[in-house]
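Read off the chains here:
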Amino acid sequence: EWGFLGGLFDSLQAHSPMLGRFWLLLMLIFRIVILGTVASDLFEDEQEEFACNTLQPGCKQVCYDMAFPISQYRFWVFHIVLIATPSLLFLVYTMHHHNKSNCKFNPRYREDVRLRRLYILNVVFRILAEAAFLVGQWLLYGFKVEAQFPCSRFPCPYTVDCFTSRPAEKTIFLCFYFVIGAIAALFSCAELFHISVKWFCAGPEPSKTEDSGISDNLLNVKQEEGIKKEKQQE
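Residues numbered from 1 in each chain as written. Predicted model: local features only at pLDDT ≥ 70, side-chain atom pairs only at ≥ 80, totals over all residues. Heavy atoms only, no water.

Participant: In this structure, what is going on with the nonpolar core? I would like to understand it.
Facilitator: One broad rule of soluble globular proteins: the nonpolar side chains tend to lie buried together. Within the largest apolar cluster, 32 residues are counted, with the highest numbers of intra-cluster contacts made by Phe50, Cys63, Trp76, Val160 and Cys162. Mapped onto this core, the elements with two or more residues apiece are helix H2 (18–43), helix H3 (59–67), helix H4 (72–99), helix H5 (108–140), strand E3 (160–163) and helix H6 (167–200). In this structure, Cys63 is in contact with Phe50, Cys52, Phe149, Cys151, Cys156, Val160 and Cys162, ignoring residues within four places of it in sequence. (Core = buried A, V, L, I, M, F, W, Y, C linked by side-chain atoms within 4.5 Å. Buried < 20%, exposed > 50% of the residue type's maximum accessible area, 1.4 Å probe, protein only. Helix = DSSP H or I, 4+ residues; strand = E, 2+ residues; numbered from the N terminus. Contact = heavy atoms within 4.5 Å.)

Here it is in structure tokens:
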């Protein structure tokens, strides 16, 4: 449902700085759209097209499991879901915050600080997840899908040669998603530095309601002191 997904990204974009919007652009176009339109057709028959030069029952299955412990397509889908979940939780909290913004007992400045801290936690989790998935992709697949894969795992009777389907295309996708992940991690690090300098290095700005409340209290105190002095003089 692209309409529902676009509405969520519009809501996230309204609460994100400029660097966060670039990360959303990378997430939407270079990951979700390409993964849903191109990569799904490329990886849908990878297990069927994985062939080994033996007819031993079970050998092909164990060799495929050894060559690809996790399918690249499912690995990237899990990556997108894990990274998008904190952003969606932050969006739910901001919507809840705006629904209660008209409450008289809701201090505006404290809620804004809380939203900023939650957004910073979201960015920190995003950076850690990006780094973890980059390392995981490198350990699982490297940067190249081999066309020939030797396998000597039981129940194969001897070392058999297995062959993957379309290794060149899959190698291009591996490198492409690794580069996109590295760029997204750099954008997230730059966004964390930017919002930290912008939100924490600048002094807190008291709201107008707080200033008016403080001035009213001072006037009341001065009036009470003047009345006490007049009574003492009398």
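Moving on from the model shown.
Participant: Sorry, what's going on with a negative patch on the surface here?
Facilitator: Residues Asp41, Glu44, Glu48 and Glu49 make up a contiguous surface patch of negative charge. Examined against the element boundaries, Glu49 turns out to sit in the loop between H2 and strand E1 (51–52). Its relative accessible area of 44% is what places Glu49 among the partly exposed residues. (Patch = residues over 30% accessible without salt bridge, like charges linked within 9 Å, V, L, I, M, F, W, Y side chains within 5 Å. Areas by Shrake-Rupley, 256 points an atom, 1.4 Å probe, with all protein chains shown as cover. Salt bridge = Lys/Arg side-chain N within 4 Å of Asp/Glu carboxyl O. Lys, Arg positive; Asp, Glu negative; His and termini not counted. Charge placed at Lys NZ, Arg CZ, Asp CG, Glu CD.)

Participant: What is the right way to read unusual backbone geometry from this model?
Facilitator: Excluding glycine, residues mostly carry a negative phi; peptide bonds, for their part, are mostly trans. Geometrically, the link from Phe154 to Pro155 is a cis peptide bond, its omega value of 15° lying close to zero. When you line up the elements, Pro155 lands in the loop between strand E2 (148–151) and E3. Phi is positive for Arg166, close to 50°, though the residue is something other than glycine. By secondary structure assignment, the location of Arg166 is in the loop between E3 and H6.

Participant: Honestly, the sheet that holds E3 in this entry has me stumped. Any pointers?
Facilitator: Think of a sheet as strands paired side by side through backbone hydrogen bonds, with each pair either parallel or antiparallel. Taken in spatial order, the three strands make up an open sheet running E1-E3-E2, and their pairing is antiparallel. Each edge of the sheet is formed by a strand with only one pairing partner; in this case those strands are E1 and E2. Running over the sheet, H3 touches E1, E2 and E3 and is turned about 115° from E2. (Pairing = 2+ DSSP bridges. Axes fitted to C-alpha atoms, helices over the stretch in contact; angles between N-to-C directions.)

Participant: Just to check I follow, could you spell out the confidence of the model for the protein chain for this structure?
Facilitator: Close inspection of predicted coordinates is inappropriate in any region flagged by low pLDDT. This prediction gives the protein chain a mean pLDDT of 76; 70% of its residues lie at or above 70. Looking at the elements of the protein chain, mean pLDDT is at its lowest for helix H7 (residues 208–233), recorded as 53, and at its highest for E3, recorded as 89. Across residues 204–215, confidence stays below pLDDT 50; counting only partners more than four residues off in sequence or on other chains, it has four contacts. (pLDDT = per-residue confidence, 0-100.)

Participant: Looking at this structure, I do not really get the state of the cysteines. What am I missing?
Facilitator: Linking two cysteines covalently through their sulfur atoms gives a disulfide. A full pass over the atoms with the stated rule returns three disulfides. Here Cys59 connects covalently by a disulfide to Cys156, the sulfurs 1.9 Å from one another. Across the S-S bond of Cys59 and Cys156 the torsion is about 100°, and the bridge reads as right-handed. Note that Cys59 is positioned in helix H3 and Cys156 in the loop between E2 and E3, a separation of 97 residues in sequence. Cysteine pairing in the protein chain follows 1-6, 2-5, 3-4, where each cysteine in a disulfide is numbered by its order in the sequence. (Disulfide = S-S within 2.5 Å.)

Participant: When you look at H2 in this model, what are you seeing that I'm missing?
Facilitator: Structurally, the α-helix is built with 3.6 residues per turn, so residues lying three or four positions apart point the same way. Approximately 55° is the largest bend angle found in H2, and it occurs at Leu35. Every buried residue of H2 is accounted for by Gly20, Trp23, Leu24, Leu26, Met27, Arg31, Ile32, Leu35, Ala39, Ser40, Leu42 and Phe43. (Bend = angle between axes of the 7 residues up to and from the residue.)

Participant: So what exactly am I meant to see when it comes to the environment of Ser152 here?
Facilitator: Of note, Ser152 is situated in the loop between E2 and E3. For Ser152, a relative accessible area of 55% puts it in the exposed group. When the C-alpha atoms of Ser152 and Met66 are compared, they prove to be 10.0 Å apart, with 86 residues separating the residues in sequence. With residues up to four places along the chain from it excluded, the contact list for Ser152 reads Tyr158 and Thr159.

Participant: What am I meant to see in the side chain of Arg31 here?
Facilitator: Looking at the element boundaries, Arg31 is found in helix H2. Polar contacts involving the side chain of Arg31 include one to the side chain of Glu130, which spans 3.0 Å. Setting aside anything within four residues of it in sequence, one finds Arg31 in contact with Leu26, His79, Ile80, Ile83, Glu130, Tyr177, Ile180, Gly181 and Ala184. (Polar contact = N/O pair within 3.5 Å; in protein donor to acceptor, adjacent residues only side chain to side chain.)

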